[in-house]
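Listed below are the residues making up each chain.
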Number of protein chains: 2
Amino acid sequence: MVNLEESFMGKKVVITGGLGFIGSNLAHKLLSLGANIVIVDSLIPDYGGNLFNVEGVKDRVRINIADVRDRNSMDYLVRGQDYIFNLAGQVSHIDSMRDPYTDLEINCRSQLSLLEACRHHNPEVKIVFASTRQVYGVPDYLPVDEQHLLHPTDVNGINKMAGEWYHILYNNVYGVRATSLRLTNTYGPRQLVKHNRQGFIGWFIRLAVDGEEISIYGDGTQKRDLNYVDDVVHAFLLAAASEEANGQVFNLGGEPVSLLEVAKLLVELSPQASYRLVPFPPEKKRIDIGDYYGDYSKMRAVLSWEPQVPLRAGLERTIEFYRRYKEHYWE
Amino acid sequence: MVNLEESFMGKKVVITGGLGFIGSNLAHKLLSLGANIVIVDSLIPDYGGNLFNVEGVKDRVRINIADVRDRNSMDYLVRGQDYIFNLAGQVSHIDSMRDPYTDLEINCRSQLSLLEACRHHNPEVKIVFASTRQVYGVPDYLPVDEQHLLHPTDVNGINKMAGEWYHILYNNVYGVRATSLRLTNTYGPRQLVKHNRQGFIGWFIRLAVDGEEISIYGDGTQKRDLNYVDDVVHAFLLAAASEEANGQVFNLGGEPVSLLEVAKLLVELSPQASYRLVPFPPEKKRIDIGDYYGDYSKMRAVLSWEPQVPLRAGLERTIEFYRRYKEHYWE
C-alpha cells in the first residue's frame, strides 16, 4: 500500500499544465502532502490555464510560465525533480481537427522534448502522463479495458496516442520511469467552462449554474463515465508513487451514466436550468464515439484505486464552487 | 476481381518516396500499366532514394525533387492526381532513436500536410500509405493479425502508427479515400544497401554479394517473414484499385523463416559468403522485437493478395541484380 505523505513530503515536483483544471487540483493536493511544486504553464488562451486556479496557494508554489514546446526551458526545468506530472496538452478534439499542426506540436513534439530532457538531464525522475480514453475511438465492446484496440477518431486522439507511447518507450528503453493514465470525462472545480470545445460536462455545468437550457445531442442515451477531479488527482498520486506502475497504461473510469441522466441531475441541483434534446451538429457527429465507459479493474488491482465521489455529490460541489467563483471562470 | 490495367491506364499517379526501394519498383510496374507518373522524392542522403532506381525509365516519368515536409510543394503536387502512393518516410528504427524530431517531422507532420493538401485540393484522390509491422512492437501472439494491439518499441514505430491513423481518420471524416498497408521485411532489387540501419535483409544480401561473413545476432532462431518487392508492389496496386480497401489497414506477410535459414540460403546462393552467430549489440537488443510474422488472411480475403515469389527465387533475382549494378548501390 502506497503512503502518499511519505512519497511526496519534501519532494520536488513539476506539474506541466499546472494552472489548468486537473493540474491545479493536483497542485493543491500535493501542497497538502508537503511537496515543493513548480507549476509550468503557458497560459495559452482557451486552453484551461487560469491563474485563479492557484488562488490561496500561489505564494507556496513556484509558477513558471513557459511553453512545453520550448526545449531549452524544459531542459532546465526538469533538472533535479523527483516527479513530473505531465498534463500540458491541447485537449479539444474540435480544435485538433481545425488545426492539426498545433495539436501535433503540443501533443507529440513537446512530449518528445520533455522525455529527451529527462533522458539527458534527469533520468531518475518519475513521470505520470495524462492520456485520454479518446485513444480508443469508437468502442468495439464495453466496458473498454486496456486490451482494447486503439483506433482514435480525431487528430487529438492520434497525437495523444503517440505522446503516450513515447512515455512507455522511454520507460522501457531508457529507464525514465513513466506511467500513462487514460482519463475519461473528468469534472469538478477549476475546470475550463469558458467555451464548449473541451467536452460536454464543463459546459453542461456552466449552463446549469446559469439556469439555462442544456442542449443534448441526439436522444440523450449516449453513455459516459465521469470522474470527479479529486479521484483523478488521487490516481495521479498513486501512479507516481508506485514502482509497479512503471511502463504501464491504466484506464480510469466510473459508473456509466447517460447524458440525459447527467442533465436531469444537474437540473435537479439547479432547478432554474432545463434541458432539451437537439439533433447532432454534423461536425460533432463525425467525431462522436457513441457510448463509452471504461473498465478500470487494472487500476484497482495494481494501485487500489477506485473512484470515491458519487456523481451527485461531485456535481453538487462543483456547482457550489462555480456559484462562488463564477467571475473567474465565465468571462 | 480488380483489373489493374483498367485501373491505371492513363491515370495520374504520384509516388512519394518514388526514387526509393519500393517506390521505384512501383513506378516501373505502373509504367508498364500505362500510368502517368510523378515521382516526388527529396533524395535525403541515407534514406533510400537513388536516381539509378529509375534508370531506363527516367524519361518516361516526371521526377519532382521535393520534400514531403514542404507544404507548399505538396499542396501543388497533389492536385488533379488519381492516386497517391505515399511511401516517403524515415524508415530506420535506429535513426529514429538518435533523432526523434526528424522522424516526427517526416513520419507525422508530413503525413498531416499531405492529407490536408488532399482534403483541400484533391478530395477525390485515393491514397495508399506504406505502414509497417513495427507498429505492433513485440508480438503478444503469432502470427500477428490486424486485431493485435499496437505497442511499438521505437520512435519510428510510434510515429508510423500516428501517420497511419491520420490516413484512416481523413478517410473516415473527410472522405479522402485511404488504405494503409503494414509492410513486413521487404527485399529485392533497388533496396538501399549502403548502410545497415534499415533492417537486416538488405545488409545480409550485400554481404552475400560481396562474399563476406554475415553476422547474425543471438542464436539465429529469430523468425521473420519476408516479401519480395514485386509482391509488395502488387499489394499496393490492389489496395489502390479496390474501393473495399478504403479506410482499411492490411498486414502483408509471408512464410516465417529464421534469420539463420536466410543466411544459409544466401550462402548457398553466394558460396564465397559465410555466416557467424554473434552477441546482440545492446542498442539493437533494446529495440529488438523477437519473433515476428504476420497473418495476411485479411489481405487475401479482401484483395485476393498472396505472395507469389518464393524466398529462394527472390533472393536469387536480388543477388543477380546487385551483382550487375553493384556500383550504383554500394558507394
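This structure is a prediction, so every number in the text was calculated from the model and none was measured. For every chain, the first residue of its written sequence is number 1, and the numbers climb from 1 along that sequence. Chains and ligands are labelled sequentially in the order written, the chains with letters from A and the ligands with numbers from 1. Reporting in this predicted model follows two pLDDT cut-offs: at least 70 for local features of residues, and 80 or more for side-chain atom pairs to be given and counted; totals over whole chains, interfaces and linings ignore these cut-offs and use all residues.

Engineer: Quick question: what am I supposed to make of the overall build of chain A here?
Structural biologist: For the purposes of this entry, the term helix denotes a DSSP run of H or I that reaches at least four residues, the term strand denotes a run of E that reaches at least two, and both are numbered from the N terminus. Secondary structure summary: chain A contains 12 helices and 12 strands in total. We compute the radius of gyration from the C-alpha atoms alone; for a globule the expected value is 2.2 Å times N to the 0.38, where N is the number of residues. Taking 331 residues into account, the globule formula puts the C-alpha radius of gyration at 20 Å, and chain A, at 19 Å, falls close to it. Structurally, chain A occupies a C-alpha span of about 55 × 45 × 40 Å along its principal axes. Any residue surrounded by 20 or more other C-beta atoms within 10 Å of its C-beta is treated as buried, while 12 or fewer makes it exposed and the intermediate range makes it partly exposed; C-beta atoms here are placed from the backbone. Out of the 331 residues belonging to chain A, those deemed buried represent 53%.

Engineer: I would appreciate a short explanation of the sheet that holds strand β9 (residues 223-228) of chain B in the present structure.
Structural biologist: The strands that make up a sheet are held in pairs by hydrogen bonds between backbone atoms, and each pair lies either parallel or antiparallel. Residues and elements named next belong to chain B. What the three strands build is an open sheet, ordered β7-β9-β11; its pairing is mixed. Whereas interior strands pair on both sides, the edge strands pair on one side only; in this sheet they are β7 (185-187) and β11 (256-258). In this sheet, adjacent strand axes meet at a mean angle of 50° when their direction is disregarded. The criterion for strand pairing is that DSSP finds at least two bridges linking the strands in question. Here β9 runs beside β11; their pairing, made up of three bridges, is antiparallel. Within β11, the position partnered with Arg-224 by the bridge is Val-257. This element, helix α8 (residues 229-241), spans β7 and β9 of the sheet and lies at about 70° to β9. Inter-axis angles, ranging from 0 to 180 degrees, are taken between N-to-C directions of lines fitted to C-alpha atoms, where helices are fitted over the stretch in contact. In this description, any two residues whose backbone-derived C-beta atoms lie within 7 Å of each other are considered to be in contact.

Engineer: Looking at this structure, how should I read the interface of chain B and chain A?
Structural biologist: By convention, interface size is frequently given as the accessible area that disappears when the constituent parts associate. In this complex, chain B contributes 25 residues to the contact, which on the side of chain A involves 25 residues. Only α5 (100-121) and α6 (155-174) of chain B provide two or more residues apiece to the side of chain B that touches chain A. Counting residues per element, the side of chain B that touches chain A draws most heavily on α6(B), which supplies 10 residues. Only Asp, Glu, Lys and Arg are considered charged, only Ala, Val, Leu, Ile, Met, Phe, Trp, Tyr, Cys and Pro nonpolar, and every remaining residue, Gly among them, polar. Partitioned by chemical class, the residues of the side of chain B that touches chain A number 17 nonpolar, four polar and four charged.

Engineer: Any chance you could explain the nonpolar core here in plain terms?
Structural biologist: General note: in soluble globular proteins, nonpolar side chains tend to be found buried as a group. Note on terminology: a nonpolar core is any set of buried Ala, Val, Leu, Ile, Met, Phe, Trp, Tyr and Cys residues joined through C-beta atoms within 7 Å. One finds Phe236(A) and Phe236(B) to be the most contacted residues of the largest nonpolar core, which totals 195 residues. If we ignore the near neighbours within four places in the chain, the residues touching Phe236(B) are Leu26(B), Phe85(B), Val128(B) and Leu181(B).

Engineer: Got a minute to help me understand the sheet that holds strand β10 (residues 249-251) of chain B in this structure?
Structural biologist: Residue and element names in this part refer to chain B. Taken in spatial order, the seven strands line up as β3-β2-β1-β4-β5-β6-β10 in an open sheet, and their pairing is parallel. Only two strands of the sheet have a single neighbouring strand rather than two, namely β3 (62-65) and β10. Averaged over all adjacent pairs, the angle separating strand axes in this sheet is 20°, with direction ignored.

Engineer: Help me understand α8(B) in this model?
Structural biologist: Note on helix geometry: an α-helix contains 3.6 residues per turn, so any two residues three or four positions apart are oriented the same way. A helix's residues, less one, multiplied by 1.5 Å, set its expected span. Taking 1.5 Å per residue, 13 residues should reach 18 Å; α8(B) reaches 18 Å between its end C-alpha atoms and fits that length. Within the sequence span of α8(B), burial applies to Val229(B), Val232(B), Val233(B), His234(B), Ala235(B), Phe236(B), Leu237(B), Leu238(B), Ala239(B) and Ala240(B).

Engineer: Just to check I follow, could you spell out the environment of Asn172(A) for this structure?
Structural biologist: You can see Asn172(A) is positioned in helix α6 (residues 155-174). Once the C-alpha coordinates of Asn172(A) and Thr102(A) are considered, the two residues, 70 residues apart in sequence, prove to be 28 Å apart.

Engineer: I tried to follow the packing of helix α7 (residues 200-209) of chain A against helix α12 (residues 311-325) of chain A on my own but got confused; where do I start?
Structural biologist: Two quantities define a packed helix pair, namely the angle between the axes and the distance from one axis to the other. Residue and element names in this part refer to chain A. Contact pair α7 / α12: the axes reach a minimum separation of 10 Å and the direction vectors enclose 60°. Comparing their axes, α12 and α7 come out oblique. The element α7 and its partner α12 pack so that their crossing is right-handed. Where α7 approaches α12, its residues Ile-205, Ala-208 and Val-209 are matched on the opposing element by Thr-318, Ile-319, Tyr-322 and Arg-323. Among the residues forming the contact of α7 with α12, the class breakdown is five nonpolar, one polar and one charged. Working definition: roughly parallel below 35 degrees, roughly antiparallel above 145 degrees, roughly perpendicular at 65 to 115 degrees, and oblique for all remaining angles. Crossing handedness follows the turn of the near helix against the far one: under a right angle anticlockwise gives a left-handed crossing, and clockwise gives a right-handed one.

Engineer: Even after reading the chapter, I still don't get the pairing of strand β1 (residues 12-16) of chain A, so can you show me in this structure?
Structural biologist: Walk down a regular strand and you will see the side chains alternate between the two sheet faces. Residues and elements named next belong to chain A. With four of five residues buried, β1 lies mostly within the body of the structure. Pairing between β1 and strand β2 (residues 36-41): five bridges, direction parallel. Pairing of Val-14 across the sheet is with Val-38, part of β2. At this point the chain moves from β1, through helix α2 (residues 21-32), to the parallel β2, and the crossover so formed is right-handed. Relative to strand β4 (residues 83-86), β1 is paired through four bridges, and the arrangement is parallel. Residue pairing in the sheet places Thr-16 in a bridge with Asn-86 of β4. Crossovers are marked right-handed if the path from the first strand over the helix to the second runs clockwise, as seen with the strands pointing away from the viewer.

Engineer: Just to check I follow, could you spell out the relation of the copies chain B and chain A for this structure?
Structural biologist: Taken together, a rotation about one axis and a shift along it account for how the two chain copies relate. What sets the superposition is a least-squares fit of C-alpha atoms, and only residues with pLDDT of at least 70 in both copies go into it. Superposition record for chain B on chain A: RMSD 0.0 Å, screw rotation 180°, translation along axis 0.0 Å. Those values place the two copies in the arrangement expected of a two-fold rotation axis. Looking at the rotation axis and the C-alpha trace of chain B, the residue lying nearest is Leu149(B), at 2.8 Å. Mapped onto chain A, 100% of the interface residues of chain B are again interface residues, and the two copies thus contact each other with one and the same surface.

Engineer: Please clarify how unusual backbone geometry should be interpreted in this entry.
Structural biologist: Trans is the common state for peptide bonds, and a negative phi is the common state for residues other than glycine. Residues and elements named next belong to chain A. The linkage connecting Leu-142 with the following residue, Pro-143, adopts the cis geometry, with an omega of -10°. Assignment of secondary structure puts Pro-143 in the loop between β5 (126-132) and α6. Positive phi, normally seen in glycine, also occurs at Leu-43, with a value near 50°. According to the C-beta neighbour criterion, Leu-43 is partly exposed, with 15 such atoms within 10 Å.

Engineer: What exactly am I supposed to notice about helix α2 (residues 21-32) of chain B here?
Structural biologist: If you check α2(B), its first and last C-alpha atoms are 17 Å apart, about what 12 residues at 1.5 Å a residue would give, namely 16 Å. Turning to α2(B), its buried residues are Phe21(B), Ile22(B), Gly23(B), Ser24(B), Asn25(B), Leu26(B), Ala27(B) and Leu30(B).

Engineer: How do you make sense of the environment of Ala263(B) when you look at a structure like this?
Structural biologist: All names here are of chain B. Note on placement: Ala-263 falls in helix α9 (residues 259-269). On the basis of neighbour counts, which here come to 24 C-beta atoms within 10 Å, the residue Ala-263 falls in the buried class. Residues Ala-263 and Ala-178 lie 85 residues apart in sequence; the distance between their C-alpha atoms is 37 Å. Not counting chain neighbours up to four residues away, the residues in contact with Ala-263 comprise Phe-204, Ile-214, Ile-216, Gly-220 and Tyr-275.

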